Amino acid sequence: PTTSKMAASVREKQTVALKRMLNFNAPPLKNTAAEPVWKVLIYDRFGQDIISPLLSVKELRDMGITLHLLLHSDRDPIPDVPAIYFVMPTEENIDRICQDLRNQLYESYYLNFISAISRSKLEDIASAALAANAVSQVTKVFDQYLNFITLEDDMFILCHQNKELISYHAINRPDIQDTDMDAIMDTIVDSLFCFFVTLGAVPIIRCPRGNAAEMVAVKLDKKLRENLRDARNSLFTGDSMAAGQFSFQRPLFVLADRNVDMATPLHHTWTYQALIHDVLDFHLNRVMMEEGAGAEPSPAGARPKKKSRKTYDLTAADKFWQKHKGSPFPEVAESVQEELDTYRAQEDEVKRLKSIMGLEGEDEGAISMLSDNTAKLTSAVSSLPELLEKKRLIDLHTNVATAVLDHIKSRKLDVYFEYEEKLMSKSTLDKSLLDIISDPDAGTPEDKMRLFLIYYITTQQAPTEVRAHETELNGTDKVHRLVFNQQIDKAFTKMASTPANYGNSGVKPMGLFSRVMNTGSQFVMEGVKNLVLKQHNLPVTRILDNLMEMKSHPETDDYRYFDPKMLRGSESSIPRNKNPFQEAIVFVVGGGNYIEYQNLVDYTKSKQGKKVVYGCSELFNSAQFIKQVRAADCSDMMLL
């Protein structure tokens, strides 16, 4: 038995909880030959977002889910089938459930609420069930405490639907009322509470003073404390806490505020996952791409071909993705190319296996349906699907990496990444900011603005040589109008008043690929620098390191300390715990990004046996972040 709470990852724990729910809240039976009970799953958008990164349609089907439908869609009655609901306990959801009961849609109802349902709403359901004569059919009502979305073994976000309710903009609005702020904090705390219930651990909480992170810490401490005080109903003393799950040491929970580091979310990046999020449409582990975007133009007068949208899921089962999502892009391109070459060598084998099975022209989906006992066929049946799956993943990464490479080349993203790394690590700059900003081929207006803002945040001043060329840069370009608008000074001065120290890194350029790329290659990287990352800790990683290792540092010395298990909440910043922590969760209030996540992953790799989980209220890329900052601070600037 593991002594660690986090040894079973958050992703595993949330998946186990979902599978249990889909099995009518009983532990799924291992290796039984029995067919699963057929049932329908009814979820709202929140439930859909929680399930989709964790369970595939095939896995749902294996658990007996024949249909999964949105609560507010038009649904036909299926009177002889049990229905499992997985929804938020909102007013309109409860109304709709009551309507379902009145319409007698299903044989029985298992109601699972993503967050705890209030007493009064529970009474509404009870009276609807009475009126509909369906009391015996409402089999179970459960609070699931699953109100967060796990994207990786070591990463979670709070929500995807209605995320503007707890966004950076919402928290940092200058005109925000106390009551609104309270509601935002309660929403965040409710999700974090669910996270710790699922993890099965009561953390030690640390946070800075005087910002949203502190408000979250105070409320979370209170909520955990109240739950622990109610011994009979405490969520932290059930079978999930049974022997073998107890860690000798509790996890550390560090709350950070987005305003502690404004440069990282604007930074151009160089690792695969972060690049996909920056330049493509990437949500909840799914990339949406337009197919044939670069296809030949349609003949004059003809209607342009309709671009089809293709989606790719980047999952935990994809070994290439797991290995390379944090790698520098040139390494990814090289690896995709190698995979492609090894697959080409096996193509003849695929043809041979297909012909053994008499399947030359067959649809690949039909192949898995065959069962014949001859020895030849058995080996073909087992190795062909594996090879075809390999091909599917290679095609997926070829398409995604090609799309990313197109952005890197057309916008010179390598130049931006390298220059920003030098700015953030205070290295010597080999060219002036103006060279890049005035190069018409380097990047979009937004790329230039990101670079300008990072310069501004890291040096605390607007570069005079850029100011001098204001008029030639200004033109009609609205981004430049914004960059040189005095008000951006106001917006970012407030945020940049505490210069974050980004460590002394730097990147080493290596010539073009050491290996000469063969001409049939998809990935001709000419003109793209092959930059190799040097490890340095970003501000959030550094804060975590100070607190996890119990280092004294001016940046974190006055962080508050909460221990919800101490009955008398004598709060102080003097930690009672003097030993370094083995496990920690760091959570950014106001939003996070994959650059920060990757930096923590790399940091953890260098620490033997330590585990770190990254969480944030929402995940945004640079474009989304700039929009929010502008909305929060420059409400009178209606640019862009």
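Residues numbered from 1 in each chain as written. Predicted model: local features only at pLDDT ≥ 70, side-chain atom pairs only at ≥ 80, totals over all residues. Heavy atoms only, no water.

In the nomenclature of an unreviewed UniProt entry, the protein chain corresponds to Sec1 family domain-containing protein 1 from the organism Echeneis naucrates. Recorded in UniProt for the protein chain, the comment headed Sequence similarities (unreviewed entry) runs: "Belongs to the STXBP/unc-18/SEC1 family." (UniProt positions renumbered as here; feature names shortened; annotations may be inferred.)

Novice: Before we move on, can you summarise the overall build of the protein chain with the specific residues and values?
Specialist: Per the secondary structure count, the protein chain includes 23 helices and 17 strands. Taken across its 640 residues, the protein chain has 51% of its residues classed as buried. Partitioning the intrachain contacts of the protein chain with sequence separation of at least 6 by distance along the chain shows that 78% fall at a separation of at least 24. Accessible surface for the protein chain amounts to roughly 29,900 Å². Of this, 53% is attributable to carbon and sulfur atoms. (Helix = DSSP H or I, 4+ residues; strand = E, 2+ residues; numbered from the N terminus. Buried < 20%, exposed > 50% of the residue type's maximum accessible area, 1.4 Å probe, protein only. Contact = heavy atoms within 4.5 Å. Areas by Shrake-Rupley, 256 points an atom, 1.4 Å probe, with all protein chains shown as cover.)

Novice: Give a detailed account of a negative patch on the surface, specifying residues and quantitative values.
Specialist: Taken together, Glu 91, Glu 92, Asp 95 and Asp 124 make up a surface patch of like negative charges. At three residues, the largest contribution of residues to the negative patch is made by helix H4 (residues 91-102). Relative to the assigned elements, Asp 95 resides in helix H4. By relative accessible area, Asp 95 is classed as partly exposed at 45%. (Patch = residues over 30% accessible without salt bridge, like charges linked within 9 Å, V, L, I, M, F, W, Y side chains within 5 Å. Salt bridge = Lys/Arg side-chain N within 4 Å of Asp/Glu carboxyl O. Lys, Arg positive; Asp, Glu negative; His and termini not counted. Charge placed at Lys NZ, Arg CZ, Asp CG, Glu CD.)

Novice: If you had to explain the sheet that holds strand E4 (residues 106-113) to someone new, which residues and values would you point to?
Specialist: Taken in spatial order, the five strands of this open sheet run E2-E1-E3-E4-E5, and their pairing is parallel. Edge positions in the sheet fall to strand E2 (65-70) and strand E5 (138-143), since each has one partner strand and no second. The mean inter-strand angle of the sheet, taken between neighbouring strand axes irrespective of direction, is 20 degrees. Note: E4 against E5, five bridges, orientation parallel. The residue bridging Leu 111 from the neighbouring strand is Val 141, located in E5. Across the sheet, helix H1 (residues 10-22) touches strand E1 (39-43), E2, strand E3 (78-87) and E4, and the angle it forms with E3 is around 155 degrees. (Pairing = 2+ DSSP bridges. Axes fitted to C-alpha atoms, helices over the stretch in contact; angles between N-to-C directions.)

Novice: Can you tell me about the nonpolar core, naming the residues and giving the values?
Specialist: For soluble globular proteins, the rule of thumb is that nonpolar side chains tend to be buried together. In terms of nonpolar packing, the biggest core is built from 105 residues, with Phe 86, Ile 276 and Phe 329 touching the most fellow members. Here this core gets eight residues from one element, more than from any other, and that element is helix H13 (residues 375-411). Shared between two domains, this core holds at least three residues of each, these being domain 1 (10-145) and domain 2 (150-261 + 538-631). With near-sequence residues (within four places) excluded, Phe 329 lies in contact with Trp 270, Tyr 272, Leu 275, Ala 401, Val 404, Leu 405, Ile 408 and Met 525. By size, the runner-up hydrophobic cluster in this structure holds 39 residues, among which are Leu 158, Ala 213, Ala 217 and Val 589. (Core = buried A, V, L, I, M, F, W, Y, C linked by side-chain atoms within 4.5 Å. Domains from an automatic or database assignment.)

Novice: Can you tell me about unusual backbone geometry, naming the residues and giving the values?
Specialist: At Leu 284, a residue that is not glycine, the phi angle is positive and equals roughly 45 degrees. Since its relative accessible area comes to 15%, Leu 284 is described here as buried.

Novice: Help me get a handle on the pattern of salt bridges, residues and values and all.
Specialist: According to the stated counting rule, one finds 34 salt bridges in the structure shown. One salt bridge in this structure joins Asp 100 and Arg 75, with 2.8 Å as the shortest N-O distance. Linking Asp 100 in helix H4 with Arg 75 in the loop between E2 and E3, this pair joins segments that are 25 residues apart in sequence. Of the residues examined, Asp 100 reaches a relative accessible area of 2% and is grouped as buried. Between Arg 173 and Asp 180 there is a salt bridge, with its nearest N and O atoms 3.9 Å apart. Classification of Arg 173 as partly exposed rests on a relative accessible area of 26%. When salt bridges that share partners are traced, they join Arg 11, Glu 152, Asp 153 and Lys 325 into one network.

Novice: A description of the sheet that holds strand E8 (residues 204-207) should follow, citing residues and the corresponding values.
Specialist: The strand order across the open sheet built from seven strands is E6-E7-E17-E16-E9-E8-E15, with neighbouring strands paired in mixed fashion. Strands with a single pairing partner mark the edges of an open sheet, and in this sheet they are strand E6 (149-152) and strand E15 (560-562). Looking at each pair of strands side by side, their axes are set apart by 20 degrees on average, direction ignored. Alignment of E8 against strand E9 (residues 252-257), held across three bridges, turns out to be parallel. Directly across from Ile 204, in E9, lies its bridge partner Leu 252. Along the sheet face, H1 touches E6 and strand E17 (611-616) and points at about 135 degrees away from the line of E6.

Novice: Before we move on, could you go through helix H8 (residues 212-229) and cite the residues and values that matter?
Specialist: Its 18 residues place the ends of H8 26 Å apart at the C-alpha level, agreeing with the 26 Å of an ideal helix rising 1.5 Å per residue. Where H8 is concerned, the buried positions are Ala 212, Ala 213, Glu 214, Val 216, Ala 217, Leu 220, Asp 221, Leu 224, Arg 225 and Asn 227. Buried residues along H8 sit against helix H6 (168-172), helix H7 (178-199), E8, E9, E15 and strand E16 (583-589). (Expected span 1.5 Å × (residues − 1).)

Novice: Pulling in residues and values, what's your account of the environment of Lys 551?
Specialist: For Lys 551, the location among the structural elements is in the loop between helix H21 (539-548) and E15. Residues Lys 551 and Pro 580, spaced 29 residues apart in sequence, show a C-alpha to C-alpha distance of 8.9 Å. A distance of 2.4 Å separates polar atoms of two side chains, one belonging to Lys 551 and the other to Asp 545. (Polar contact = N/O pair within 3.5 Å; in protein donor to acceptor, adjacent residues only side chain to side chain.)

Novice: Which residues make up the packing of H7 against H8, and what values do they have?
Specialist: One way to put it is that H7 packs onto H8 with a least axis distance of 9 Å and a crossing angle of 55 degrees. Relative to H8, H7 is oriented oblique. Once H7 is placed against H8, the crossing between them reads as right-handed. The segment H7 lies against H8, with Met 181, Asp 182, Met 185, Asp 186, Ile 188, Val 189, Asp 190, Leu 192, Phe 193 and Phe 196 engaging Ala 212, Met 215, Val 216, Lys 219, Leu 220, Lys 223, Leu 224 and Asn 227. Tallied by class, residues from the contact of H7 with H8 come to 12 nonpolar, one polar and five charged. (Parallel < 35°, antiparallel > 145°, perpendicular 65-115°, else oblique. Left-handed = near helix turned anticlockwise from the far one by under 90°. Nonpolar A, V, L, I, M, F, W, Y, C, P; charged D, E, K, R; others polar.)

Novice: I'd love a proper account of the packing of H21 against helix H22 (residues 594-605), names of residues and values included.
Specialist: Between H21 and H22, the shortest axis-to-axis distance is 9 Å and the interhelical angle comes to 40 degrees. When the interaxial angle is binned, H21 and H22 end up oblique. The interaxial crossing formed by H21 with H22 has right-handed handedness. Within the contact between the two elements, H21 uses Val 540, Thr 541, Leu 544 and Asp 545 and H22 uses Glu 596, Asn 599, Leu 600 and Tyr 603.

Novice: Just give me the short version of the packing of aromatic side chains, but keep the residues and values in it.
Specialist: Inspection of the entire model under this criterion finds 23 aromatic pairs. On the basis of an interplanar angle of 80 degrees and a centroid distance of 6.1 Å, the ring pair of Phe 193 and Phe 236 is categorised as edge-to-face. Here Phe 193 is found in helix H7, whereas its partner Phe 236 is found in the loop between H8 and E9, with 43 residues between them in sequence. No difference in accessibility class separates Phe 193 from Phe 236, as the two residues are buried. Grouping aromatic residues by their ring pairs yields a cluster made of Tyr 272, Phe 282, Trp 321, Phe 329, Tyr 594, Tyr 597 and Tyr 614. One cation-aromatic arrangement involves Lys 39 over Phe 24; the distance from NZ or CZ to the ring centre is 4.7 Å. (Phe/Tyr/Trp six-rings, centres within 6.5 Å; stacked < 30°, edge-to-face > 60°. Lys NZ or Arg CZ within 6 Å of the ring centre and 35° of its normal.)

Novice: Quick one: what's the story with the side chain of Asn 593, residue by residue and with numbers?
Specialist: Structurally, the position occupied by Asn 593 is in the loop between E16 and H22. Exposure remark for Asn 593: the relative accessible area of 4% places this residue in the buried category. Reaching out from Asn 593, the side chain makes a polar contact with the backbone nitrogen of Ile 595 at a distance of 3.1 Å. A distance of 2.9 Å separates a polar atom in the side chain of Asn 593 from the backbone nitrogen of Glu 596. Ignoring sequence-local partners within four residues, the contact set of Asn 593 consists of Arg 258, Thr 264, Pro 265, Tyr 614, Leu 619 and Phe 620.

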